[in-house]
Amino acid sequence: MASQGSWAQVRQQARAQETQTEALFHTYAQFASTTDIDPEPSDEEQRTEEQLNEILEKRSALLQHLARLLDSEPTPPSALKSTNLARHREILQQHRTELSRLKTSISTARDRANLLSNVRRDISAYRSAQNPQNPNADPHASEAEYMLGERGRLDNSHSMMDSVLSQAYATNESFGLQRETLSSIQRRITGAAAQVPGINGLMQRIGSKKRRDGIILGAFIGLCCLALLWFL
């Protein structure tokens, strides 16, 4: 009965911690869904994240204790207790995955907000540089000028890329012409050799003579090696 009581008590703690984790997730998810996220994490956000990490670690240790209680029972553990333990572990893994997902979502939203903030600062700096005597000029006109400047820089980049691509295409075309020229020269040489009487026969005889000389030289070297071995 003491074992049953210990099991029931520890499992009750595990369920209470799961409920507490759900409540913390409800608070932490609000930081991921906000449309006006702070550039830096607030104290409440950091505190909630720390609490989530802490309670997940506590739950992991508690489930290990629950598994030891199950293994220490004198009789084979019941299927119900094994199923309950497996379910608690599954929920813990789901909560770990959810925490990782929320962290990634918050980090992405914060990076996007910081990027927009940097763009706004660049526009303000551009506006101040263009109108040093009138910093309170129409912001829409200044933003339009800034965007036109960015448009011009992009167009210049595209023009440079087009120029590089044109040069690459021209180089490729030149290589193709050179390849065709070499192929044409080779075809002409082959055709001329075929048309001149006796050229093919002469080339064949030269080749035959080279092969015959090679065979004779090889046989002579072989005989010399045999004679050397015989005398040794």
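Residues numbered from 1 in each chain as written. Predicted model: local features only at pLDDT ≥ 70, side-chain atom pairs only at ≥ 80, totals over all residues. Heavy atoms only, no water.

- The name given to the chain in an unreviewed UniProt entry is Golgi SNAP receptor complex member 1, with the source organism recorded as Friedmanniomyces endolithicus.
- As recorded by UniProt, the Function (unreviewed entry) comment attached to the chain reads in full: "Involved in transport from the ER to the Golgi apparatus as well as in intra-Golgi transport. It belongs to a super-family of proteins called t-SNAREs or soluble NSF (N-ethylmaleimide-sensitive factor) attachment protein receptor." (UniProt positions renumbered as here; feature names shortened; annotations may be inferred.)

**Overview of the overall build of the chain**
So, step 1. For the chain, the helix and strand inventory stands at five helices and zero strands.
So, step 2. The order of α-helices and β-strands along the chain, N terminus first, is α-α-α-α-α.
So, step 3. The contacts of the chain with a sequence gap of at least 6 include a subset with a gap of at least 24, amounting to 70%.
So, step 4. Only carbon and sulfur atoms are counted for the fraction: they give 58% of the accessible area of the chain, which is about 17,500 Å². (Helix = DSSP H or I, 4+ residues; strand = E, 2+ residues; numbered from the N terminus. Contact = heavy atoms within 4.5 Å. Areas by Shrake-Rupley, 256 points an atom, 1.4 Å probe, with all protein chains shown as cover.)

**Details of the UniProt feature "transmembrane region" (unreviewed entry) in the chain**
So, step 1. When the UniProt feature table is mapped onto this chain, "transmembrane region" (unreviewed entry) is found at residues 214-231.
So, step 2. End C-alpha to end C-alpha, residues 214-231 measures 26 Å, and it is 100% helix and 0% strand.

**Thoughts on the state of the cysteines**
So, step 1. Using the criterion set out here, one finds zero disulfides in the structure.
So, step 2. Take Cys224: it sits in no disulfide, and the sulfur closest to it among the cysteines is that of Cys225, at 6.9 Å.
So, step 3. The class for Cys224 is partly exposed, based on a relative accessible area of 36%. (Disulfide = S-S within 2.5 Å. Buried < 20%, exposed > 50% of the residue type's maximum accessible area, 1.4 Å probe, protein only.)

**Side note on the nonpolar core**
So, step 1. Formed by 24 residues in total, the largest nonpolar core has its most connected members in Tyr28, Leu52, Leu63, Leu66, Leu85, Leu99 and Ile106.
So, step 2. Counting residues per element, this core draws most heavily on helix α2 (residues 43-71), which supplies nine residues. (Core = buried A, V, L, I, M, F, W, Y, C linked by side-chain atoms within 4.5 Å.)

**Digging into a nonpolar patch on the surface**
So, step 1. A surface patch of nonpolar side chains, amounting to about 320 Å² of accessible area, comprises Leu217, Phe220 and Ile221.
So, step 2. In this structure, Ile221 sits in helix α5 (residues 199-231).
So, step 3. Judged by its relative accessible area of 47%, Ile221 falls in the partly exposed class. (Patch = residues over 30% accessible without salt bridge, like charges linked within 9 Å, V, L, I, M, F, W, Y side chains within 5 Å. Salt bridge = Lys/Arg side-chain N within 4 Å of Asp/Glu carboxyl O.)

**A short note on the environment of Thr108**
So, step 1. You can see Thr108 is positioned in helix α3 (residues 79-130).
So, step 2. Among the residues examined, Thr108 registers a relative accessible area of 38% and is labelled partly exposed.
So, step 3. Taking the C-alpha atoms as reference points, Thr108 and Ala32, separated by 76 residues in sequence, lie 9.2 Å from one another.

**Points about the pattern of salt bridges**
So, step 1. One pass over the full model with this rule turns up six salt bridges.
So, step 2. With a shortest N-O distance of 2.9 Å, Arg110 and Glu45 are connected by a salt bridge. You can see Arg110 sitting in helix α3 and its partner Glu45 sitting in helix α2, a full 65 residues away along the chain. Of the two residues, Arg110 and Glu45, both sit in the buried class.
So, step 3. In this structure, Arg96 engages Glu57 in a salt bridge whose closest nitrogen and oxygen atoms are separated by 3.8 Å. Of the two residues, Arg96 is situated in helix α3 and Glu57 in helix α2; the sequence distance between them amounts to 39 residues.

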